[in-house]
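A look at the structure
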Amino acid sequence: MKPDQFLSQLERQPVAPVYLFLGPEAYHRDRCRRALIERMLPAEEREPGFVRLDLEESTLSSVLDDACSLSLFSPRRLIWVSSAEAALPRGRRGHSSDSGEEGPAEGNVSALVQYLANPTPGVALVFDSSRYEFDGEDKARQERVSKFYSPIRNVVEF
């Protein structure tokens, strides 16, 4: 969906448990982020309820664990996860081995699917991937990000 569609949906429907923000455009992303914060968190809960994480510094598993844990400081939380593309597998390490074992990428996707099946009430996750364009050299990379996060149904393209 486009940013205006997201903003309209945010006014009419409850906040979804998980969103994927794709694309490098900053102005509309900031508008959507602010609208989501205002809708999700009352003013007194914004400081303790807005959590920023970066997948360059954390793992997808630890982000999902954080989303599952209850906060002592805020009954509602919005967890903004930047560098979403960092969770993608790099090279052959991310593929399943011949032994049938799950590789790191498949484990991440299955953990995400599990979370989506039973999201934590009062928590919204936003996976933000702003590194890649939708055309040119970045098109294939952007498609990989979209495919990896395909279990997420609420996708906003910037």
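Now for a quick tour of the structure. Worth saying up front: this structure is predicted, and the values here are computed from it rather than measured. For every chain, the first residue of the written sequence is number 1, and numbering continues from 1 along that sequence. Per-residue local features are limited, in this predicted model, to residues with pLDDT of at least 70; the limit for side-chain atom pairs, both in listing and counting, is 80 or more; totals at the level of whole chains, interfaces and linings are taken over all residues. Hydrogens and waters are ignored; side-chain quantities use all the structure's heavy atoms.

**Examining the overall build of the chain**
For the purposes of this entry, the term helix denotes a DSSP run of H or I that reaches at least four residues, the term strand denotes a run of E that reaches at least two, and both are numbered from the N terminus. Within the chain one finds 6 helices and 5 strands. Listed N to C, the secondary structure of the chain is α-β-α-α-β-α-β-α-β-α-β in terms of helices and strands. The buried label goes to any residue with under 20% of its type's maximum accessible area, the exposed label to any with over 50%, and the partly exposed label to all in between, with areas taken from a 1.4 Å probe on protein chains only. Each of the 158 residues in the chain was classed as buried or not, and the buried ones make up 42%. The contact criterion used throughout is that any non-hydrogen atoms of two residues lie within 4.5 Å. Within the chain, contacts between residues separated by at least 24 positions form 78% of all contacts whose residues are at least 6 apart in sequence. About 9,000 Å² of surface is accessible on the chain, with carbon and sulfur atoms providing 48% of the total. Calculation of accessible area relied on Shrake-Rupley with a 1.4 Å probe; when residues are assessed, cover is drawn exclusively from the protein chains displayed.

**As for the packing of helix H1 (residues 3-12) against helix H2 (residues 26-40)**
Look at H1 against H2: their axes get within 10 Å of each other, and the N-to-C directions meet at 10°. When the axis of H1 is compared with that of H2, the two are roughly parallel. When H1 is examined against H2, the residues Pro-3, Asp-4, Phe-6, Leu-7 and Leu-10 are found in contact with a partner set consisting of His-28, Arg-31, Cys-32, Ala-35, Leu-36 and Arg-39. Think of each axis as a best-fit line through the C-alpha atoms, taken over the contacting stretch in the case of a helix, with angles from 0 to 180 degrees between the N-to-C directions. By definition in this entry, angles of less than 35 degrees are roughly parallel, angles greater than 145 are roughly antiparallel, angles of 65 to 115 are roughly perpendicular, and the rest are oblique.

**As for the side chain of Thr-120**
Checked against the element boundaries, Thr-120 lands in the loop between helix H5 (104-117) and strand E4 (123-129). For Thr-120, a relative accessible area of 9% translates into the label buried. Non-local contacts of Thr-120, meaning those with residues more than four positions away in its chain, are made with Ala-67, Cys-68, Leu-70 and Tyr-115.

**Some points on the packing of aromatic side chains**
Pairing of aromatic rings covers Phe, Tyr and Trp, the last through its six-membered ring, and needs centres within 6.5 Å; plane angles under 30 degrees mean stacked, over 60 mean edge-to-face, and all others mean tilted. Per the stated rule, a full pass over the model turns up 7 aromatic pairs. Note on Phe-6 and Tyr-19: the rings are 5.2 Å apart at their centroids and 85° apart in plane angle, and the pair reads as edge-to-face. With Phe-6 in helix H1 and Tyr-19 in strand E1 (residues 18-22), this pair connects stretches of sequence that are 13 residues apart. The buried category is assigned to Phe-6, whose relative accessible area is 1%. The structure contains a cluster of three or more aromatic residues connected by ring pairs, namely Phe-6, Tyr-19, Phe-21, Trp-80 and Phe-158.

**Concerning the pairing of strand E3 (residues 77-82)**
The element E3 is extensively covered by neighbouring structure, given that 5 of its 6 residues are classed as buried. By the bridge criterion, 5 bridges tie strand E2 (residues 50-54) to E3 in an arrangement that is parallel. By the bridge assignment for E3, Val-51 is matched with Ile-79. Think of it this way: DSSP has to see at least two bridges between two strands before they count as a pair. Bridge count between E3 and E4: 5 bridges; the pairing is parallel. Within E4, the position partnered with Trp-80 by the bridge is Val-126.

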